[in-house]
Every structure is written in C-alpha cells, then in structure tokens.
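Given next are the chains, with one letter for each unit.
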Amino acid sequence: MSYQLYYWPSIQGRGEFVRLAFEAVGVAYTDVARAGTAGGQGLPALLRFLSDTDHGLGRAPFAPPFLKHGSVVVGQTAAILLYLGPRLGLVGKSEASRLWAHQLQLTMADAVTEAHDTHHPVASSLYYEDQKSEALRRAHDFRQTRLPKFMHWFEKVLERNPAGAARGGPYLVGGRLSYADLSLFQLVDGLQYAFPVAMKRVLKHAPRVAALHDRVAQRARIASYLGSERRIAFNEDGIFRRYPELDG
Ligand SMILES: N[C@@H](CCC(=O)N[C@@H](CS)C(=O)NCC(=O)O)C(=O)O
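How each quantity is defined
- Residues numbered from 1 in each chain as written.
- Predicted model: local features only at pLDDT ≥ 70, side-chain atom pairs only at ≥ 80, totals over all residues.
- Heavy atoms only, no water.
- Pairing = 2+ DSSP bridges.
- Helix = DSSP H or I, 4+ residues; strand = E, 2+ residues; numbered from the N terminus.
- Axes fitted to C-alpha atoms, helices over the stretch in contact; angles between N-to-C directions.
- Contact = heavy atoms within 4.5 Å.
- 1 Å grid on protein atoms, 1.4 Å probe; cavity = no way out; pocket = protein on both sides within 12 Å on 5 of 7 lines; lining within 4 Å.
- Points joined across faces, edges and corners; volume = space filled by probe spheres on them.
- Nonpolar A, V, L, I, M, F, W, Y, C, P; charged D, E, K, R; others polar.
- Near = heavy atom within 4 Å.
- Polar contact = N/O pair within 3.5 Å; in protein donor to acceptor, adjacent residues only side chain to side chain.
- Areas by Shrake-Rupley, 256 points an atom, 1.4 Å probe, with all protein chains shown as cover.
- Sits in = over half its atoms within 2 Å of the grid points.

Novice: Looking at this structure, I do not really get the pairing of strand E1 (residues 3–6). What am I missing?
Specialist: Taken together, the three bridges between E1 and strand E2 (residues 29–31) define a ladder with parallel strand orientation. Bridge pairing links Gln4 to Thr30 in E2.

Right, here's the structure in full:
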C-alpha cells in the first residue's frame, strides 16, 4: 500500500510536517498535488477528493493536509502523524509516549495557527494589506508573549527529558527521535524565516530547542531533503511569511 499525501503544491504549510516524517525515514510517498495531472494526480485530484466525489468513502476531510493509505483516509496534521508515527518508527511503543507525542504535536498546531494569524488576524479570505493594522498589533503580542511562551515550554519539555539528552539528542519524547522532534524543527525553521529578529532573541533563552533544530537539520536524510527540489522554499503564500514590519 502506498502513502499518498494530499497538500497544496506550492507551499510548505502544514503538509510539511507530514513530508518531514516520510523524508526522515526514507519511506516513499506520493505528494499527489505536485505529481503530474497526466497520471490522474496533480491539484485536480486533491480538489476532487475534497469534493467527496472521488473515492466513495464518505470521509472527505475538511482541509489539506490529508493522507490516503489503502482504504484509510486521515485529515488533520496531528492525526496524520498519530497514524504514521508507529508505522514509520517515529514514536515509542507505549501509550504514554504516543499520547505525549500527540499532545506535543497538537501544541505545535496551536503555535502554527497563531503564527498564521499574525498576518491574517481578521480573515484568511482577506488580503494581508487589508488587515495590516490588525496584523501589526497581533504580531506585536505574538512576539512579546506567545512566541516566548511556546518556546519556553518546549525548552522545559527538553530539559525535563534527561533520556533525550543521550544518543544524539536532545529529543522531546524518550531517548530517540520522534515525529514531534521533526515537527519542532519545522516550527522553529518557519518561525526563524518569519521572525528572524524575534526568534534570535527568544532562542537565546531556549538553547535546547535551538540545538534540536540544528541537529534535526543535520540528519543525513533531512539534510539531503532540505537541499533537494522536493523542499519548497518558504514564501509569502504560506503559513510562515516574512513581512519585516511584523518582526518589530
Ligand atoms: N487543523 C488543521 C488545519 C488545516 C488547514 O487549515 N489547512 C489549510 C492549509 S494549511 C487549508 O487549506 N484550509 C482551508 C480552509 O480552512 O478552508 C490541521 O492541522 O491540519
């Protein structure tokens, strides 16, 4: 059974958290909307799926990303990783480890939404330019309050996990790499793109988070992925956008 990831083809977005899980372990997957329409894939396949006319399962997800694996369809980034974690060897075996990884992932999902809302605080359907004054206020609070709070919490999670310091750590869950580590890498990477000044300040107080980011980036498969054309560059259509005025 092949893994088929459905996500918007021109941004990293939330789909990147899933791409990184596959890339970290070298498991093949199809990035459906980026594949050729000649083979029945591409963006039309994603749109067909969302309209629930394509597959007859009656479980069309609300929004990308979503994953198809045989007859299983999973939407919501954290639920996709909950499903993939054990299958890709990216989470421990105990229920406690799996729930903790899931909780970490859901907290990252909250941070992702808040990062998105710095540039679209009023409505996703409006242009940034039409909500710029609200965005400036929202981004100010994000930089001053929320960003340090999220990073400080992940720093504490790492600090309180001594097992994670060994064997190539730090890691968030137990003594080995999990999908939560890959996701924290992506969250930090995106925030560094969007808020380079604020992140430099905040990461001074979160050295373990910074170290985890760097070590994930240096893993052989991840480094090779990041240097490949499969890694879409950050851009101002995605979740993490570089608008210098929002960085203070
Ligand atoms: N909570 C969902 C959010 C999914 C989501 O907002 N997807 C975006 C792209 S990153 C989208 O296409 N949304 C369309 C919509 O909300 O109408 C997740 O974490 O996967």
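Novice: For this particular structure, what's the right way to read the sheet that holds E1?
Specialist: Pairing in this open sheet of four strands is mixed, and the strands run E2-E1-E3-E4 from one edge to the other. Each edge of the open sheet is held by one strand with a lone partner, namely E2 and strand E4 (72–75). When the angles between neighbouring strand axes are averaged without regard to direction, this sheet yields 20°. Here helix H2 (residues 43–50) sits on the sheet in contact with E1, strand E3 (66–69) and E4, set at roughly 90° to E3.

Novice: Quick question: what am I supposed to make of the environment of Leu43 here?
Specialist: Position of Leu43 among the secondary structure elements: in helix H2. In sequence terms Leu43 and Tyr7 are 36 residues apart; their C-alpha atoms lie 8.6 Å from each other. Excluding its chain neighbours within four sequence positions, the residues that come into contact with Leu43 are Trp8, Pro9 and Ala33.

Novice: Would you explain the layout of surface pockets in this entry?
Specialist: Where empty space is left can be seen by rolling a probe of water-molecule size over the atoms. Roughly 530 Å³ of internal volume is contained in the largest pocket. Looking at the largest pocket, it is lined by 27 residues, and the ones nearest its centre are Arg14, Ala63, Pro64, Pro65 and Thr77. For the lining of the largest pocket, the elements supplying multiple residues, two or more each, are helix H3 (77–88) and helix H4 (95–119). Looking at which element gives the most residues to the lining of the largest pocket, the answer is H4, with seven residues. Among the residues making up the lining of the largest pocket, the classes are represented as 15 nonpolar, nine polar and three charged.

Novice: Got a minute to help me understand the site of the ligand in this structure?
Specialist: Lining the immediate environment of the ligand, one finds Tyr7, Trp8, Arg14, Phe62, Ala63, Pro64, Pro65, Gln76 and Thr77. One of the side-chain nitrogen or oxygen atoms of Trp8 is found 2.8 Å away from an oxygen atom of the ligand. In this structure, Gln76 approaches the ligand through a side-chain N or O atom, which is 2.6 Å from a nitrogen atom. The fraction of the free accessible surface of the ligand (500 Å²) that becomes covered by protein chains is 64%. Put simply, the ligand lies in the largest pocket. Grouping the amino acids of the shell around the ligand by side-chain chemistry returns six nonpolar, two polar and one charged.

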